[in-house]
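# Breakdown of the fold
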Protein chains: 2
Amino acid sequence: METALIKTDTATISSDLIKKMDAYWRAANYLSVGQLYLRDNPLLKEPLKLQHVKNMLLGHWGTTPGQNFIYTHLNRVINKYDLNMIYVSGPGHGGPAVVGSTYLEGTYTEVYPNITQDEEGLKKLFTQFSYPGGISSHASPQTPGSIHEGGELGYSLSHSFGAVLDNPDLIVACVVGDGEAETGPLATAWHSNKFLNPATDGVVLPILHLNGYKISNPTVLARISHEELEQLFLGYGWTPYFVEGDEPELMHKAMAATLDKAIEQIREIKNAAFDKENNDRPRWPMIVLRSPKGWTGPKEVDGYKIEGNFRSHQIPLAVSASTPPEHLQILENWMKSYKPEELFDENGKLKAELAELAPKGEHRMGANPHANGGQLLRDLRIPDFRNYAVSVPFRGAGGEGDTYVSGRLLRDVIKENQQKRNFRIFGPDETVSNRLDIIFEATNRQWDAPVDPHDEFLATDGSVMEMLSEHQCEGWLEGYLLTGRHGLFNCYEAFIHIVDSMFNQHAKWLKASRELPWRRNIASLNILLTSTVWRQDHNGFTHQDPGFIDHVVNKKAGIVRVYLPPDANCLLSVTDHCLRSYHYVNVIVAGKHPAPQWLSMDEAVAHCTRGIGIWDWASNDQDCEPDVVMACSGDVPTLETLAAVTLLREHLPELKIRVINVVDLFKLEKNTEHTHGLSDKDFDALFTTSKPVIFAFHGYPWLVHRLTYNRTNNKNIHVRGYKEEGTITTSFDMTVLNEMDRFHLVIDVIDRLPECGSKGIYLKQQLLDKLTEHKHYINANGKDMPEILNWKWESKLNDETK
Amino acid sequence: METALIKTDTATISSDLIKKMDAYWRAANYLSVGQLYLRDNPLLKEPLKLQHVKNMLLGHWGTTPGQNFIYTHLNRVINKYDLNMIYVSGPGHGGPAVVGSTYLEGTYTEVYPNITQDEEGLKKLFTQFSYPGGISSHASPQTPGSIHEGGELGYSLSHSFGAVLDNPDLIVACVVGDGEAETGPLATAWHSNKFLNPATDGVVLPILHLNGYKISNPTVLARISHEELEQLFLGYGWTPYFVEGDEPELMHKAMAATLDKAIEQIREIKNAAFDKENNDRPRWPMIVLRSPKGWTGPKEVDGYKIEGNFRSHQIPLAVSASTPPEHLQILENWMKSYKPEELFDENGKLKAELAELAPKGEHRMGANPHANGGQLLRDLRIPDFRNYAVSVPFRGAGGEGDTYVSGRLLRDVIKENQQKRNFRIFGPDETVSNRLDIIFEATNRQWDAPVDPHDEFLATDGSVMEMLSEHQCEGWLEGYLLTGRHGLFNCYEAFIHIVDSMFNQHAKWLKASRELPWRRNIASLNILLTSTVWRQDHNGFTHQDPGFIDHVVNKKAGIVRVYLPPDANCLLSVTDHCLRSYHYVNVIVAGKHPAPQWLSMDEAVAHCTRGIGIWDWASNDQDCEPDVVMACSGDVPTLETLAAVTLLREHLPELKIRVINVVDLFKLEKNTEHTHGLSDKDFDALFTTSKPVIFAFHGYPWLVHRLTYNRTNNKNIHVRGYKEEGTITTSFDMTVLNEMDRFHLVIDVIDRLPECGSKGIYLKQQLLDKLTEHKHYINANGKDMPEILNWKWESKLNDETK
């Protein structure tokens with residue numbers, strides 16, 4: 001790459017402006033190198049000495065100069081075309097670029113007044129980078145203008161598309177690293193263009209930064225032919241423009257011309273969409289920027305090629321007391337090659353003729369309010385969820401499917417906010433399967449590709465986003481939330497693990513941004529899990545994993561919430577609560593199949609408000625301490641617990657039983673660990689200090705133990721849950737396979753209460769026979785025994801059943 | 001799609017053979033419909049009645065006829081070209097196709113003698129499908145010829161490429177669903193062709209099955225233009241051939257001609273590679289098969305379009321007592337449209353002239369030993385790991401980095417097995433960063449794209465596979481193991497969560513296949529996690545998550561193992577053990593940075609063999625019960641614990657301290673739950689029944705509580721670990737932020753032992769001051785205080801330190 005390979009016309013941009021932009025770029029590069037290396041002498045006013053250099057050199061140079069180049073050029077088009085644009089830094093460790101560029105444009109100092117625009121400020125800016133107590137090497141929440149940290153790779157395009165949904169004036173310039181481009185999530189995210197509405201959504205301008213290397217390997221996309229690369233992006237439905245080379249002046253001209261072309265093409269497409277001239281999916285432009293990794297850095301050190309090689313990935317040049325003395329000189333020469341004296345005045349302030357290149361006010365990418373979405377966040381209009389209550393004429397009355405009921409509320413949330421367009425539902429083609437299809441009375445799936453007359457619920461302007469990629473659903477939703485809107489992700493419970501790592505990163509973002517006063521809270525990430533482990537009638541073992549909640553509870557208590565509503569009215573109450581909340585990840589686990597209903601709406605509201613409670617109507621310990629506590633959490637465990645209670649009360653009526661239902665999982669944890677947690681006193685009042693607790697739990701049983709290990713009655717808590725036994729079978733048989741069925745629960749009680757005596761022993765034998773009978777029956781008939789299918793809790797609502 | 005759109009020449013295949021193949025296809029379709037619907041009257045010898053139909057209709061029709069079509073055609077080319085081929089069914093729920101086709105070729109009956117090739121066998125074959133106690137709807141481990149269940153979507157191509165590595169004669173015909181193709185992992189897996197060696201590896205023949213729909217949405221790839229689709233696959237580096245239409249005869253001719261062309265092209269490429277005519281990366285062929293979803297099924301039911309629509313995804317036609325009576329007739333007509341009387345003889349056996357179309361013996365895709373890889377598995381040649389021991393002249397002697405040391409062993413494992421080519425290492429471009437680079441003395445990264453003179457360790461025939469996609473690394477390795485080879489995945493600890501869901505599926509596969517006597521054990525999936533939470537000196541908060549092991553322990557105890565070797569000699573011992581094991585997932589968590597070494601090789605072997613043990617040399621309770629147990633697991637926790645013990649023994653010498661180190665995490669669990677678990681007696685002997693236990697743990701502290709909640713001394717176990725506090729800082733400062741450092745550990749002891757008295761209170765205050773001093777020092781200097789950096793355990797190896 002000696003000469004620039006320019007695939008576009010050179011722009012009619014004045015050579016004076018090119019010179020100034022080059023100086024601006026040099027300033028950004030200078031600041032980046034300074035952040036990597038210096039803790040003093042930031043303007044190199046005196047000869048560089050070792051004591052000016054940091055003790056530990058940490059950071060990544062490779063991606064930085066290319067990103068500085070892009071940022072500088074984006075500033076020009078923002079000014080020229082009066083754009084509303086934010087910047088997403090996809091490659092890992094782009095921190096020095098974004099920090100430096102937002103410092104040059106002034107936003108950094110506005111957000112962090114201590115980092116002044118002078119020599120002292122430069123010294124602090126340099127020192128804080130990758131330093132204990134300082135800032136991270138990514139575009140972390142600490143970085144103004146960032147909605148995408150990029151610590152883990154792969155989600156930059158999904159975040160960008162999420163950001164532009166329902167933001168018709170916004171352009172997200174998304175720099176995609178060529179390493180990142182090898183990840184699965186990124187590879188499928190290019191197809192997001194089939195889901196964008198050119199009239200009502202904004203635009204993503206991807207800039208694939210082909211700098212050729214990852215950590216120590218070349219990248220795939222940098223080592224395929226130009227022809228293949230072009231075909232790939234044409235095949236993905238984009239119009240790729242190539243800017244390739246390493247000679248700055250030629251590259252400036254090529255980049256400026258290409259960006260002009262891209263922005264003008266975007267405008268044409270947008271105008272055509274507003275005029276409805278054309279309903280075909282547009283071919284949006286994208287840019288491939290091929291420039292050397294570590295561009296403008298040392299060419300060679302100790303005989304190794306650095307610029308244009310993987311060796312420039314991190315610190316390209318070691319400088320310390322134990323490195324060759326000439327390294328210090330190389331560093332000084334390198335920094336001076338940017339000619340800082342032309343860039344900064346005597347006090348260390350960027351010279352005025354350069355500073356004026358930056359956009360003004362909120363046009364600066366570091367100051368754009370979309371990148372601090374909480375600033376733009378408005379409450380949803382939510383109809384009163386009580387209006388969607390299902391009638392429960394008696395305990396255990398047949399339901400319609402809990403998610404189906406909550407679908408009506410969600411449908412009306414969509415309706416009520418249609419004008420603001422600030423609420424969307426995301427799912428990997430499971431919204432119908434998850435029985436939320438009633439929402440299609442109010443909206444459609446957004447789809448900007450051909451439609452067949454036999455398709456259903458597709459339109460270019462729907463509020464539902466469905467692609468068979470959990471990564472895309474999660475990434476789109478995160479981008480949507482981070483820019484100040486609301487949403488819900490519905491997903492099969494087992495496959496939400498696909499985004500475990502994305503959840504991690506978002507939870508970390510929320511935790512870190514909460515610590516920054518200038519970052520405003522955003523709407524919660526709401527995840528509705530259904531098609532759960534207990535209802536895999538036709539999917540089986542591969543679809544059985546309730547462990548996402550185990551994963552979630554490891555994250556910071558201030559950020560995560562987990563709800564397991566036992567019926568539809570509870571799900572309505574929980575859904576309303578989650579949609580109104582801020583800055584959490586709310587996980588809701590609910591059933592989709594018709595299942596028994598237990599609580600009236602008033603009861604449900606009271607129960608969900610407490611989060612945990614004794615179900616008096618199912619208990620008979622009102623006048624004394626119970627002999628046993630039957631606890632349950634989740635819809636199927638609740639059903640089996642109540643069926644077990646029926647058996648116990650019929651056969652062992654002298655037993656005093658307390659039934660506890662848990663909606664809010666964190667109630668089990670101590671209040672010292674989680675704000676939702678119960679105090680020991682309250683926990684003991686519910687679970688006693690010495691009586692057996694038989695706990696039927698929706699998920700892996702050990703999660704309950706993990707939450708309750710330090711409770712007084714810990715030793716007596718016996719948990720039943722999913723223990724990786726399952727196949728295609730009925731819901732009841734699933735509970736048998738995992739020993740959480742009504743019969744095993746009763747046996748668990750008998751085994752723990754010697755006072756059940758010979759009656760207990762006799763009942764246990766009967767139940768074991770029943771389990772054998774069940775096994776034969778279901779194998780022969782492929783369905784449950786009638787007594788299981790027809791079991792009902794025999795009481796009217798509000799009846800006393802003592 | 002009325003007429004076939006044939007992009008290839010029609011083959012010179014006899015019309016007699018076409019007719020027979022069509023009959024074979026009809027037979028497979030007939031068996032598929034039978035599996036979905038019938039429990040009796042399998043040959044329709046009497047008029048179909050409701051009692052012949054299953055009570056619950058479960059299963060998926062949509063993908064099935066297309067897969068039957070492909071399987072039939074693959075059989076022909078296997079015979080014609082004498083191919084060694086296996087079949088990977090990527091789309092979800094392809095079970096009826098693979099089960100039916102392996103039944104027709106005879107393998108199913110050989111594996112399951114009860115499912116005979118007669119009317120009685122057909123009845124059983126039909127009834128067992130998606131039936132309690134029967135078989136699943138996927139190509140599960142129960143399915144002969146399957147290495148890929150496809151319950152979760154996205155990994156078919158990665159598995160296929162893993163299967164062909166080092167299998168130069170093998171072709172994997174990989175059917176990719178167009179729904180599946182939207183997932184991230186699948187979207188990047190097309191690039192696997194840049195990592196294949198045409199001479200020493202086999203070939204993947206992808207067949208993208210564009211049937212147009214997912215669950216209830218159209219698919220992206222089915223709704224882009226033909227031109228875009230072609231560009232996309234050209235861009236991915238393939239030569240796509242299109243077979244498109246719905247008229248069977250035309251489609252047979254087109255598919256046959258296309259497959260001939262593809263196989264011949266594959267042969268040419270292979271021959272050229274053997275002859276080394278050409279070192280350029282070849283453009284392998286792939287096939288795009290566009291056929292209607294639910295092909296040959298009902299065209300319309302109750303006014304809805306079924307064939308060629310999403311409505312054929314699952315059961316396309318409801319048949320029960322509550323559906324319109326004509327549905328039964330539609331079903332009968334549908335099944336009879338395949339003309340079973342032409343296909344099966346009076347006894348229900350496939351007619352001889354059709355049966356002869358199937359390949360013979362191990363050429364049958366259901367009987368190919370590569371798809372039951374344990375049959376081909378041979379032990380690795382592993383040099384004696386003791387030869388790689390590091391010398392530990394004194395406790396706490398400086399190390400070279402534990403993974404660096406184990407790299408020497410891995411290098412020689414590669415060398416020793418180079419001839420057999422049955423061991424590979426996989427990683428997302430982190431092998432060098434994880435300090436395993438010494439393996440490149442023995443091999444290279446396999447890379448079949450252009451190489452630059454400044455690249456390192458790239459070659460077309462390396463044993464290391466590196467792509468920046470954890471999904472690909474995991475998927476390739478799984479495919480490699482499932483076909484009878486050995487391997488190791490090295491990964492940053494935090495980002496292994498990217499494959500949480502893949503791990504789930506593999507663990508489920510191992511569990512289910514262990515229950516099948518005919519499935520032979522395969523080599524363990526070995527995952528080496530490093531760049532751990534405690535060593536994020538330059539990556540920070542986003543790279544901190546030790547929770548993969550929490551995820552792993554939820555899976556079946558018989559399948560999973562977790563090891564946390566505290567130093568290099570222990571890591572060598574653990575690595576050797578894992579490489580020799582079968583049918584587990586082994587997770588090893590180890591450090592890569594130079595860190596103190598504790599055990600001689602003999603001690604390490606003894607310690608790792610026990611998995612947990614008292615470190616006598618660090619304890620002073622030899623002649624009595626301890627006052628406190630200091631337990632640790634993981635390298636950094638071990639260091640902090642020993643440093644804390646030094647402080648305690650210096651300042652509170654009268655305290656009796658027992659130091660326990662845990663290598664094998666499952667030792668903490670009860671022996672009733674995990675075969676590695678300690679009995680209560682043994683656990684109590686180690687941890688006492690009443691003394692405080694201060695446990696410094698590598699991961700989230702709650703995992704230890706989850707494992708020990710039901711131990712006698714549970715109440716006194718106090719665990720320190722990672723609690724989501726971190727930034728870019730030193731390893732020691734990370735422990736301070738999470739309160740697991742030596743000072744906090746000592747304070748934990750003092751807080752729990754009133755007998756420390758005023759000396760304890762005084763020491764505590766000193767340590768709190770020290771923590772404040774540390775905070776100031778590190779903020780000012782960016783590195784740890786000298787006393788922290790220079791701390792050493794002061795004893796010679798084998799010294800008595802009582």
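Residues numbered from 1 in each chain as written. Chains lettered and ligands numbered in written order. Predicted model: local features only at pLDDT ≥ 70, side-chain atom pairs only at ≥ 80, totals over all residues. Heavy atoms only, no water.

Attention now moves to the pairing of strand S18 (residues 628–633) of chain A. All names here are of chain A. Among the 6 residues that make up S18, 6 are buried, leaving the element largely enclosed by the rest of the structure. Pairing analysis gives 5 bridges linking S18 to strand S19 (residues 657–662), with the strands arranged parallel. When the sheet's bridge partners are listed, Cys632 is paired in S19 with Asn661. (Buried < 20%, exposed > 50% of the residue type's maximum accessible area, 1.4 Å probe, protein only. Helix = DSSP H or I, 4+ residues; strand = E, 2+ residues; numbered from the N terminus. Pairing = 2+ DSSP bridges.)

Let's shift gears to the interface of chain B and chain A. Counting residues at the interface gives 117 residues for chain B and 118 residues for chain A. Summed over both sides, the interface of chain B with chain A buries roughly 10,200 Å², with 53% coming from carbon and sulfur. The tally of links from chain B across to chain A stands at 18 salt bridges. Lys511 of chain A is the salt-bridge partner of Glu725 of chain B, the closest N and O atoms lying 3.0 Å from each other. Here chain B is connected to chain A by 83 residue pairs in polar contact (both at pLDDT 80 or more). Of all the secondary structure elements, the ones that give two or more residues to the side of chain B that touches chain A are helix H7 (184–189), helix H8 (226–235), helix H15 (500–514), helix H16 (548–552), helix H21 (701–708) and helix H24 (757–781) of chain B. Of the residues forming the side of chain B that touches chain A, the biggest block, 6 residues, is contributed by H15 of chain B. (Contact = heavy atoms within 4.5 Å. Buried area = accessible area lost by both parts, 1.4 Å probe. Salt bridge = Lys/Arg side-chain N within 4 Å of Asp/Glu carboxyl O. Polar contact = N/O pair within 3.5 Å; in protein donor to acceptor, adjacent residues only side chain to side chain.)

As a further point, take the packing of aromatic side chains. Aromatic ring pairs are described here by two measures, namely the spacing of the ring centres and the angle between the planes. All names here are of chain A. In this structure the tally under the stated criterion is 59 aromatic pairs over all chains. Ring plane angle 15° and centroid distance 6.3 Å describe the contact between Trp598 and Trp617, whose orientation is recorded as stacked. In this pair, Trp598 sits in the loop between strand S16 (585–589) and helix H18 (601–610) while Trp617 sits in the loop between strand S17 (612–614) and S18, placing the two residues 19 residues apart along the sequence. Note on accessibility: Trp598 and Trp617 belong to one class, buried. (Phe/Tyr/Trp six-rings, centres within 6.5 Å; stacked < 30°, edge-to-face > 60°.)

Moving on, we get to helix H13 (residues 402–416) of chain A. Residue and element names in this part refer to chain A. The terminal C-alpha atoms of H13, which comprises 15 residues, lie 22 Å apart, in line with the 21 Å expected from a rise of 1.5 Å per residue. Looking at H13, one finds that the buried residues are Asp402, Thr403, Val405, Ser406, Gly407, Arg408, Leu409, Leu410, Arg411, Asp412, Val413 and Ile414. In this structure, the buried side of H13 is in contact with strand S9 (423–427), strand S13 (486–492), strand S14 (525–530) and helix H17 (568–580). (Expected span 1.5 Å × (residues − 1).)

Taken as rigid bodies, chain B and chain A are interconverted by a rotation of 180° and an axial shift of 0.0 Å, the fit giving an RMSD of 0.0 Å. When the rotation and shift are considered jointly, the pair of chain copies conforms to a two-fold rotation axis. The residues that chain B uses at the interface reappear at the interface of chain A in 100% of cases, marking a shared surface. (Least-squares fit on C-alpha atoms with pLDDT ≥ 70 in both.)

What follows concerns the confidence of the model for chain A. Residues and elements named next belong to chain A. For chain A, the average pLDDT comes to 95, and 97% of its residues sit at 70 or higher. Every residue in residues 1–8 scores below 50 in pLDDT, and together they form 28 contacts with partners more than four places removed in sequence or on other chains. Interface predicted TM-score (ipTM) for the complex: 0.96; the corresponding pTM is 0.97. (pLDDT = per-residue confidence, 0-100.)

Residues and elements named next belong to chain B. Among the secondary structure elements, Ala273 is positioned in helix H9 (residues 248–274). By relative accessible area, which is 9% here, Ala273 ends up buried. Residues Ala273 and Asn714, 441 residues apart in the sequence, show an inter-C-alpha distance of 63 Å. Excluding residues within four positions of it along the chain, Ala273 makes contact with Pro198 and Ala199.

Here the focus is the sheet that holds strand S20 (residues 693–697) of chain A. Residue and element names in this part refer to chain A. With mixed pairing, 5 strands are arranged side by side in an open sheet as S17-S19-S18-S20-S21. Every other strand in the sheet has two partners, leaving S17 and strand S21 (717–720) as the edge strands with one partner each. Neighbour-to-neighbour, the strand axes of this sheet turn through a mean angle of 20°, independent of strand direction. For S17 and S19, the ladder comprises 3 bridges, and the chain directions are antiparallel. Following the sheet pairing, Gly613 is matched in S19 by Asn661. Where helix H20 (residues 680–687) meets the sheet, it contacts S17, S18, S19, S20 and S21, and its direction lies at approximately 130° from that of S19. (Axes fitted to C-alpha atoms, helices over the stretch in contact; angles between N-to-C directions.)

Residue and element names in this part refer to chain A. Splitting chain A by domain gives domain 1 (4–371), domain 2 (385–589) and domain 3 (612–797). The centre of domain 2, based on its C-alpha atoms, is set 28 Å off from the matching centre of domain 3. In this assembly, 34 residues from domain 2 lie in contact with 43 residues from domain 3. Here domain 2 packs against domain 3, burying approximately 3,200 Å² in sum over the two surfaces, 64% of which is carbon and sulfur. Broken down residue by residue, the surface that domain 2 buries against domain 3 is led by Arg395, Trp534 and Leu564, which jointly contribute 31%. If you look at where domain 2 meets domain 3, you find 0 salt bridges. Taken together, domain 2 and domain 3 are joined by 14 residue pairs in polar contact (both at pLDDT 80 or more). Residue contributions to the side of domain 2 that touches domain 3 peak at 4 residues, all from strand S15 (residues 560–563). When the residues that make up the side of domain 2 that touches domain 3 are grouped by side-chain class, the tally is 18 nonpolar, 9 polar and 7 charged. (Domains from an automatic or database assignment. Nonpolar A, V, L, I, M, F, W, Y, C, P; charged D, E, K, R; others polar.)

The next subject is the sheet that holds strand S19 (residues 657–662) of chain B. Residues and elements named next belong to chain B. An order of S17-S19-S18-S20-S21 is seen for the 5 strands of this open sheet, with the pairing classed as mixed. This sheet does not close on itself; its edge strands, each paired only once, are strand S17 (612–614) and strand S21 (717–720). Across this sheet, the average inter-strand angle for adjacent strands is 20°, counted without regard to direction. Lying over the sheet, helix H20 (residues 680–687) contacts S17, strand S18 (628–633), S19, strand S20 (693–697) and S21, oriented at roughly 130° with respect to S19. Set on the sheet, helix H23 (residues 742–752) makes contact with S18, S20 and S21; between it and S20 the angle comes to about 160°.

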